[in-house]
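Residue-level structure breakdown
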Amino acid sequence: MTSPISFPPPAGARAYHLRTARGEFAVVDAPVAAGAEPRGVALLVPGFTGSKEDFHLLHEPLAARGYRTVAVDGRGQNESDGPAHDEAPYVQEELARDVLAQAAALATPVHLVGHSLGGQITRAAVLLDHSPFVSFTLLSSGPARISPSQQQRVRLLHEALAVMTMTEVWEAILAMGPPEEVGGPARGFGGLAQLRRRWLNHKPAQLLTTGRQLLVEPDRVAELAAVPLPFHVLSGASDDAWPVTVLDDMAVRLGADRTVVPGAEHSPNLDQPLPTAHALADFWDKHQEVLP
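Quick look at the structure, then.

Rules and cut-offs
- Residues numbered from 1 in each chain as written.
- Predicted model: local features only at pLDDT ≥ 70, side-chain atom pairs only at ≥ 80, totals over all residues.
- Heavy atoms only, no water.
- Buried < 20%, exposed > 50% of the residue type's maximum accessible area, 1.4 Å probe, protein only.
- Helix = DSSP H or I, 4+ residues; strand = E, 2+ residues; numbered from the N terminus.
- Pairing = 2+ DSSP bridges.
- Right-handed = clockwise from strand over helix to strand, strands pointing away.
- Expected span 1.5 Å × (residues − 1).
- Contact = heavy atoms within 4.5 Å.
- Polar contact = N/O pair within 3.5 Å; in protein donor to acceptor, adjacent residues only side chain to side chain.
- Salt bridge = Lys/Arg side-chain N within 4 Å of Asp/Glu carboxyl O.

A separate point is the pairing of strand E2 (residues 23–30). Taken across its eight residues, E2 has six buried, putting it largely inside the fold. With seven bridges connecting them, strand E1 (residues 14–20) and E2 associate as antiparallel partners. Opposite Thr20, over in E2, you have Gly23 as the bridge partner. As paired elements, E2 and strand E4 (residues 67–72) share four bridges and run antiparallel to each other. Bridge pairing in E4 links Val28 to Ala71.

And the structure:
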């Protein structure tokens, strides 16, 4: 049974549980703005310790550009249900098949966006079946495992989860000082109370399994480059999870459009939402036809 939606959506958007062939997933679904010409639909997939709320600031400017945007909580993430201790449903291929089911439930070709860990999950989905997608944007998501400094943060989080409750881990996170990048669940949209609630909503098995994947993710850029989709690599001007130079190189290898958002770090969607939204819409505007 899914929990009730507890995070209010942006103005004009609707929060509900999307029914799919693989279960229900909590989404925020923002329609095209009144008076705007409909131009497409986008599925937005968040990163490690994140949630659909990380895209809240993108919905309005993208709606004004003619795009319906659907941001989703993955299995066991925030308001989407999942087992607390069984790790099997959270392995990458299972989460990738969830993305394909979410796209199918929208019943239209979609522009796919994956942030950080979400970029690696969506990449796995594209490699399984690219046919539901019009384009693919990797948002602050690199070619392989995260940087050594972020590996250390994820390992510390895993060690804490092994011996502490989710509430105790939250208090420890706050005591560590300002959160950083991949290992920073106290950073995101909303106030500290909302972020705490989001953290407590996450299933420990989801965090353990996906965090482990971030430590070992292989480089699959060559496989992805063979897929007949237009690609976009979008990031901030600095990034502790994957150095910007690594993202630059990945874009070259993919033959992708490349956007660097000034004044943004690992989450341009939060740091600089308006230029991030415009960069996404500019890319999508160029790719309205479904490729074979």
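The next point concerns unusual backbone geometry. Even without being a glycine, Asn78 presents a positive backbone phi close to 50°. With respect to the element layout, Asn78 can be found in the loop between E4 and helix H2 (92–106). Residue Asn78 is classed as buried on the basis of its relative accessible area, which comes to 3%. A positive phi angle is found at Ser116, which is not glycine, with a value near 55°. Of note, Ser116 is situated in the loop between strand E5 (110–115) and helix H3 (117–128). Given a relative accessible area of 3%, Ser116 falls into the buried group.

This part is about the pairing of strand E6 (residues 133–139). Within E6, seven of the seven residues are buried, which leaves the element mostly enclosed by the surrounding structure. Bridging between E5 and E6 involves six bridges; their strand directions are parallel. Opposite His111, over in E6, you have Ser135 as the bridge partner. In this view, the connection linking E5 to its parallel neighbour E6 by way of H3 has right-handed handedness.

With that settled, consider helix H4 (residues 148–163). In an α-helix, one full turn covers 3.6 residues, which means residues spaced three or four apart are oriented alike. The terminal C-alpha atoms of H4 lie 23 Å apart, and with 16 residues this matches the ideal 22 Å at 1.5 Å per residue to within 8%. Regarding H4, the residues found buried are Gln150, Gln151, Arg153, Val154, Leu157, His158, Ala160 and Leu161. In this structure, the buried residues of H4 make contact with helix H5 (166–175), helix H6 (192–201) and helix H7 (204–216).

Once that is clear, we can look at the side chain of Ser80. With respect to the secondary-structure elements, Ser80 resides in the loop between E4 and H2. Side-chain polar atoms of Ser80 contact the backbone oxygen of Asp73, separated by 2.7 Å. With sequence-adjacent residues up to four places away left out, Ser80 is seen in contact with Phe25, Ala26, Asp73, Gly74 and Arg75.

Attention now moves to the pattern of salt bridges. Taken as a whole and judged by the stated rule, the model has 19 salt bridges. Linking Arg198 and Asp54 is a salt bridge whose minimum nitrogen-to-oxygen distance equals 2.9 Å. One end of the pair, Arg198, is in helix H6; the other, Asp54, is in the loop between strand E3 (40–45) and helix H1 (56–64), and 144 residues separate them in sequence. Both residues of the pair, Arg198 and Asp54, belong to the buried class. By sharing partners, the salt bridges in this structure join Arg22, Arg75, Glu94 and Asp98 into a single network.

These values are about where atoms sit, not about what they do.
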